[in-house]
Structure formats: structure tokens, C-alpha cells
Amino acid sequence: MNSTVKNKKLSDWITEVAGMCQPDSIYVCDGSREEYDGMVEKLVLSGSAIPLKKRPRSYLFLSDPSDVARVEDRTFISTSSQAEAGPTNNWLDPAALKETMKSLYRGCMKGRTMYVIPFSMGPIGSPISKIGVEITDSPYVVVNMHIMTRVSSSVLEILGTDGDFIPCLHSIGAPLEKGQKDVQWPCAPMESKYISHFPEENLIWSYGSGYGGNALLGKKCLALRIASAMARREGWLAEHMLILRLTDPDGKQYHIAAAFPSACGKTNLAMMQPSLKGWKCECIGDDIAWMKIASDGRLHAINPESGFFGVAPGTSYDTNPMAMDTIRENAIFTNCALTDDGDVWWEGMTGDLPSHLIDWKGRDWTPESKADAAHPNARFTAAASQCPVICKDWENPDGVPIDIFIFGGRRGSVVPLVYEAFSWEHGVFLGATAASETTSANIGAIGNLRRDPFAMKPFCGYNMGDYFQHWLDMGERLGSKAPRIFYVNWFRKNQDGKFLWPGFSDNSRVLKWMCERVDNKTGARKSPIGLLPLEGALDLSCLSMGSEDMRELMSVDTAEWKAEIPDIEAHFAMFGKRLPQRLRKQLKDFSERLG
Ligand code: OXD
Ligand code: MN
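Fair warning: this is a prediction, and the values are worked out from it, not measured in the lab.

K.L.:
Even after reading the chapter, I still don't get the site of ligand 1, so can you show me in this structure?
P.N.:
Neighbouring ligand 1 are the residues R70, K219, K220, H240, S262, D287, F309, R379, A441 and F459. K220 is positioned with one of its side-chain polar atoms (N or O) 2.9 Å from an oxygen atom of ligand 1. Between ligand 1 and the protein, one listed contact pairs an oxygen atom with a side-chain N or O atom of R379 at 2.8 Å. Burial of ligand 1 by the protein amounts to 96% of the accessible area it has alone, namely 210 Å². When each cavity is represented as a set of grid points, ligand 1 is found to reside in the largest pocket. Looking at the shell around ligand 1 residue by residue, the classes come out as three nonpolar, two polar and five charged.

Here it is as C-alpha cells:
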């Protein structure tokens, strides 16, 4: 081992894991640039990383075709009783799951180095931050963790001899026998992949996958699944939300946190550049928000991550120029296509198609090819500090005070562009019943409608019925200082299947209306689903949009909404007695409003 670890819990854990996994060597990471450079150099030499001539210090990785997304079916919340994990999570008995996984972990790092990664979620040393240590046998994980979290030996200093941390164990599950040649992306078959969480012990065990969401354990596993369970115990919120600062032409700031399911545009909204003159938008985070009630009685949010692990396809200078600038250098790309001149490419990146590429499976690709050149869930990893519109307060340990919550999803029909909740309780009902068409961020069918409450279905580390109650309780505590709640749908289509709303920078028009609502500058129209903008209240200046399209985009068809009720009832029925009475009442009131 290259370093002495002074923390007793950590050194005992390293010894225990090394005894079980039997790596050839152990390396404790210090988070330095030299470490990162050395690691990518090795990855290039081994053929796992392709250096990109066109982008300084940037690399492309191509995964095994089976290891391209999160695996919700293989993700477990292992609490002492199944009722604690609730109906939206896969559950296995902790003792049995640990036995199964220990037999997989036994000898699983043979022929490999075991890396010990001390990291902080949130600024190092801040009272709101949490320390984790990930043990992994994947150098790809190490370099990505360097970007996505704060990896540093100062984390070990803070731990001292007896400080506590969240242990995150990861193995790709591909030991090497003596003399066995490694493959480009080693991983285990689907049926032996396990992404396991033990929230009662603040413990994470992941096996078999190298894909970001399954392997970079600070992100979904720690900052959402484990943190959400901690947040409930401790009275705060850990949410699947972007955070942005919007500044109006008079310099007044508004902070917005928005929850959309995976691959539904959080990164695009977080970095959006308003099309409205005089308005400014700055990014604080694109995926996760930790929020606590501060001494001013308001909810303050921090982004616990330090980088973006964004969906590449669809990202372009038209849709998200700030993301494109963020990834010009010092970036890692996964499952994108490779151009002949040494750059990456993905569907939607440029208007013109390249005449030849190497696709994400390593095959020749031309515009005639039937398959996508990049995997639909291809990703970029880049430091948040590289984003040209990163907010100067993005690392402020006090966080930013949230004015507005937005929920939403991808709905081709039924749901209008924007509406506001009648109250906090109604807003919790909107979050609890949020539905979206599924995307390629998870292995499984794409385009099916599913209820994804608060965009947290894959990420809530405890019973979702209790989570709803936790949100109601937070509302009680916040009282009149609670953020206002809105619901949006950027994805409504017309009869011909065309998107009705231009989206992207024009979403600023919708955000402006929300700010005006917060400041009581504009009224609203009551409808059965919530409060709608008054005729003409959305600023559509310089937007060529027909009034017929606008009417369709904002229309609320009572019959279509009535047709949703049985699905909401079935969704709520899953939670049995754990469904808060107040949400039951919200559903009853909603049905009555629909008539
Ligand atoms: C992500 C996801 O990677 O939600 O952020 O899948
Ligand atoms: Mn996400």
C-alpha cells in the first residue's frame, strides 16, 4: 500500500476488503492531477481509453455492450424489513444479500489493483458535506470520481483517527488469472450484477458493472439513495434536482430546483441561456440537490457533486452551448462515436452527419448505417468548474435559498406546458403523481409511461410513502417560507407528432412567469389540475408561435385527465397505510374538481 491510513475504521475496512477480494496491490488515491494523468496514461496504454486529438486531455471509453446504463432491476434497498424499502424498491434480506455478494466478492480483484478513494460530497470540510470512501478495482471509476466528487488526501486528514465515513465497495467483478489478457471494458454478466444499499448502516456494495450510475458510488448510491434515508432521519432533503440561479433585468435573483427523471433535460435547463433579453441564468448543479432549513427559516440548497455526468446525444451548440463549452477539454466520454480526425460525435451534435465514424461498438459507421453511432445513453464527464456559466456561489457551504420547485417529465400528450400547485400539499401531490415516458438512462423498455414520483423512483432509499410524508412535514416546518411549486412539460406534441414548444432557451419564458407568480406580479387561472397562466401572461415576445399551437400546448382536457385517475389510484394503492392521508384527500379533491 502506498500510504499509511490513520483512521481505524478505514484501515480495518481496507484490510477486510483486501482479504476478501484478494487484489494484487492496494493504492490509496490522493486526488492529485499527477494521479489522474498517470491513471489515464495507463488506461491509454492498456487500450481502454482512446485519447482525442481534437480535445486536449480528453478520452473516449467504449463499454461492453451490456453495461451501458443503470440497472434498476439489479438495484436493491436492503433494509431489515421489506416494508421499510417499500413497493418502489427491490428488496432482499440484508444477511442473505451480503452472503450472496461476499461469495461474488471473494477473489474478485485477483490480478488487479484495489484503489481506495477518499472523497467528499459537498465542499471539503463544510458541515453540510458527507465523507465517503470508495474501494474499487476500476481505474475508469477512479478518474471519473476525480471529476465528479472531491477526491483528496485532505479528506483523510479530516477523518483523523476516528472520524466516520460512508463505505462504498465496488468491483467490476472480473478477476484476471495469471497471464490472462484483459478486455477493454471488463464487467460481470447481468445476473450477477448487484447495486446494493444498506441504508440502516450507511453502506453501499456494488458488483459487476462499470457504468457510471452503478459504479461512481458518490452519485446515485450515496448522494441520493443513502442520503435520502439520512435526510429523512435528520430532517433535510436529498433530491434528484438541478439547481439554478435566475437573475431578472433588475438584478433580482431567484433560485430554482427542478426534478425531472433521468435524461429529461435537467442538464439543459441547468445551463440554459435565456432567450429573454436582460435575464441571466447560472448553473449550480445539474442532478442532485441537498437542502436544509437554514437559520433564516428558508430551504437552502447545495450541489454535493463537483462535475457533470451528462447525456451526450442531443447535446449541441443549439441545445446546450454551455455544456458544449464545458466539455471542450479535460473531459471523459463514454460510448460516444469516434470521428476520423480524433474527436467524439453523437446523434444531434451537428446538423451534418460525418461521412465516417467508429461507432460505440467499435464498428465502422456511415450515414447509411441503421444503428446509432453513439449509444443513446452515451455520457460526458467534466468538472463543474469548467462550465462557463457556473454560479460564483456554487460551492458556498451555506447553499442558496430556494424560491421555486419544479416537477415534470416527458409527456407527449395530456400535460400542459406549465401550471402551479394550489398549495404546498397540492405540490406534494403533483410530485407524488409525476409521470414520464421512460428513457435509455436505465436498461429496459423506452417510451413507456411510468409514475416516477419526484423523479426519485430509482433513487429513494426508503419507503416512498414515508418520503411523501417527509415532504409534507418539511412543508409544515417551512410554513410561509416554503418554495412555490410548479409542474412543467416541455415535451407535448401536436397531432402530427411535432413538439409544440421550442424548449431550451425559450424555457426562460416559463421561468419568468414563475418568478412573476412568486412576486405576485401576475394572477392565474384556476383549472382542475392547478393554476394556469392568464391569457397573454407568458412572455412570448420575438417567438414565432401560432396562437392555435399555444392553445393546444396549454389545453387541459378533462376527459384525458379523468382517464389518468385509475392509474394514480393504482399507484397510490401500492403504498397501503404508508400513503399519507393528506395525499389520499388530494386525490379525492382532484377527482371532484374534474367532475
Ligand atoms: C443520471 C441518471 O445519470 O439519472 O443522472 O441516470
Ligand atoms: Mn440523474
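K.L.:
It is not clear to me how the layout of surface pockets should be interpreted in this structure. Could you clarify?
P.N.:
Gaps between atoms show up when a probe of the same size as a water molecule is rolled over them. When its volume is computed, the largest pocket comes out at roughly 910 Å³. Looking at the largest pocket, it is lined by 42 residues, and the ones nearest its centre are A263, C264, G265, N268 and R410. Counting only elements with at least two residues in the lining of the largest pocket, the list comes to α8 (218-234), α9 (266-270), β17 (307-311) and β23 (379-383). At four residues, the largest contribution of residues to the lining of the largest pocket is made by α9. In the lining of the largest pocket, the residues fall into 17 nonpolar, 17 polar and eight charged.

K.L.:
Just checking my understanding: could you explain the nonpolar core for this structure?
P.N.:
Soluble globular proteins tend to pack their nonpolar side chains together in the buried interior. With 173 residues, the main nonpolar core has W290, F333, W346, F405, L417, W471 and M514 as its most contacted residues. Looking at which element gives the most residues to this core, the answer is α8, with nine residues. In this structure W346 touches A312, P313, G314, T315, M324, I327, F333, C336 and A374, once residues within four positions along its chain are discounted. Among the nonpolar cores identified, the runner-up in size contains 31 residues, and V28, L97, C108 and Y194 belong to it.

K.L.:
Please clarify how the state of the cysteines should be interpreted in this entry.
P.N.:
In a disulfide, the sulfur atoms of two cysteines are covalently bonded to one another. A full pass over the atoms with the stated rule returns zero disulfides. Unpaired in this structure, C391 has its nearest cysteine sulfur neighbour in C283, at a distance of 8.7 Å.

K.L.:
Even after reading the chapter, I still don't get the pairing of strand β29 (residues 484-488), so can you show me in this structure?
P.N.:
Here β29 lies mainly inside the structure; four of its five residues are buried. Pairing of strand β25 (residues 404-408) with β29, which is carried by five bridges, proceeds in the parallel orientation. Looking across to β29, one finds that I406 is bridged to F486. The pairing of strand β26 (residues 418-420) with β29 spans three bridges and is classified as antiparallel. Bridge pairing in β29 places V418 opposite V488.

K.L.:
Hey, could you run me through the pairing of β25 in this one?
P.N.:
Each regular strand shows side chains that alternate between the opposite faces of the sheet. Counting buried residues in β25 gives five out of five residues, a clear majority hidden from the surface. With burial as the criterion, each face of β25 is covered, one bearing I404, I406 and G408 and the other bearing F405 and F407. Alignment of strand β13 (residues 253-259) against β25, held across four bridges, turns out to be parallel. Paired with A259 across the bridge in β25 is F407.

K.L.:
Before we go on, may I ask you to explain the packing of aromatic side chains in this structure?
P.N.:
The relation between two aromatic rings is expressed through the spacing of the ring centres and the mutual angle of the planes. One pass over the full model with this rule turns up 32 aromatic pairs. Note on Y419 and W561: the rings are 6.4 Å apart at their centroids and 85 degrees apart in plane angle, and the pair reads as edge-to-face. A residue pair is termed long-range when its members are at least 10 positions apart, and Y419 in strand β26 and W561 in helix α15 (residues 558-562) qualify at 142 residues. The exposure class of Y419 is buried, given its relative accessible area of 3%. Clustering of aromatic rings is evident, with ring pairs tying together F405, F407, W424, F454, Y462, Y467, F468, W471 and F575. When the ring centre of Y194 is taken as origin, the NZ or CZ atom of R74, which lies over that ring, is 4.7 Å away.

K.L.:
What's the story with helix α11 (residues 424-432) in this structure? I'm lost.
P.N.:
An α-helical turn contains 3.6 residues, so any two residues separated by three or four positions project in the same direction. Where burial is concerned, most of α11 is hidden: eight out of the nine residues are buried. Of all the positions in α11, only W424, H426, G427, V428, F429, L430, G431 and A432 are classed as buried. Buried positions along α11 lie against β25, β26, α12 (464-478), β29, α16 (565-573) and α17 (581-594).

K.L.:
Teacher, can you tell me more about the environment of T438 here?
P.N.:
For T438, the location among the structural elements is in the loop between β27 (435-437) and β28 (449-451). Through-space distance from the C-alpha of T438 to that of K98 is 31 Å; in sequence the pair is 340 residues apart. Beyond its immediate chain neighbours, meaning those up to four positions away, T438 contacts A445, I446, G447, N448 and R450. Polar side-chain contacts of T438 include one of 2.9 Å to the backbone oxygen of A445.

K.L.:
Is there a simple way to think about the sheet that holds strand β20 (residues 344-345) in this case?
P.N.:
Sheet architecture is open: four strands sit in the order β20-β19-β21-β22, paired in antiparallel fashion. Of all strands in the sheet, those bounded by a partner on one side alone are β20 and β22 (364-365). Bridge count between strand β21 (residues 357-358) and β22: two bridges; the pairing is antiparallel. Directly across from L357, in β22, lies its bridge partner W365.

K.L.:
Quick question: what am I supposed to make of the packing of α16 against α17 here?
P.N.:
In a pair of packed helices, the angle between the axes and the distance between the axes together describe the arrangement. α17 packs onto α16 with a crossing angle of 175 degrees between their chain directions and a minimal axis gap of 12 Å. Between α16 and α17, the angle falls in the class roughly antiparallel. Every residue of α17 that contacts α16 at I565, I568, E569 and F572 is listed here: L583, L587, F590, S591 and L594. Residue classes in the contact of α16 with α17 are distributed as seven nonpolar, one polar and one charged.

K.L.:
So what exactly am I meant to see when it comes to the pattern of salt bridges here?
P.N.:
Side chains that differ in sign of charge can pair as their charged atoms come close. Here the structure, examined in full by the defined rule, presents 39 salt bridges. D37 is the partner of R57 in a salt bridge, and the nearest nitrogen-oxygen pair spans 3.0 Å. With R57 in the loop between β2 (49-51) and β3 (59-61) and D37 in helix α2 (residues 33-45), the pair connects residues that are 20 residues apart, well separated along the chain. A relative accessible area of 26% places D37 in the partly exposed class. Between E592 and K588 there is a salt bridge, with the nearest N and O atoms lying 3.4 Å from each other. Of this pair, E592 and K588 both sit in helix α17, four residues apart, which is roughly one turn of that helix.

What counts, and at which threshold
- Residues numbered from 1 in each chain as written.
- Chains lettered and ligands numbered in written order.
- Predicted model: local features only at pLDDT ≥ 70, side-chain atom pairs only at ≥ 80, totals over all residues.
- Heavy atoms only, no water.
- Near = heavy atom within 4 Å.
- Polar contact = N/O pair within 3.5 Å; in protein donor to acceptor, adjacent residues only side chain to side chain.
- Areas by Shrake-Rupley, 256 points an atom, 1.4 Å probe, with all protein chains shown as cover.
- 1 Å grid on protein atoms, 1.4 Å probe; cavity = no way out; pocket = protein on both sides within 12 Å on 5 of 7 lines; lining within 4 Å.
- Sits in = over half its atoms within 2 Å of the grid points.
- Nonpolar A, V, L, I, M, F, W, Y, C, P; charged D, E, K, R; others polar.
- Points joined across faces, edges and corners; volume = space filled by probe spheres on them.
- Helix = DSSP H or I, 4+ residues; strand = E, 2+ residues; numbered from the N terminus.
- Core = buried A, V, L, I, M, F, W, Y, C linked by side-chain atoms within 4.5 Å.
- Buried < 20%, exposed > 50% of the residue type's maximum accessible area, 1.4 Å probe, protein only.
- Contact = heavy atoms within 4.5 Å.
- Disulfide = S-S within 2.5 Å.
- Pairing = 2+ DSSP bridges.
- Phe/Tyr/Trp six-rings, centres within 6.5 Å; stacked < 30°, edge-to-face > 60°.
- Lys NZ or Arg CZ within 6 Å of the ring centre and 35° of its normal.
- Axes fitted to C-alpha atoms, helices over the stretch in contact; angles between N-to-C directions.
- Parallel < 35°, antiparallel > 145°, perpendicular 65-115°, else oblique.
- Salt bridge = Lys/Arg side-chain N within 4 Å of Asp/Glu carboxyl O.

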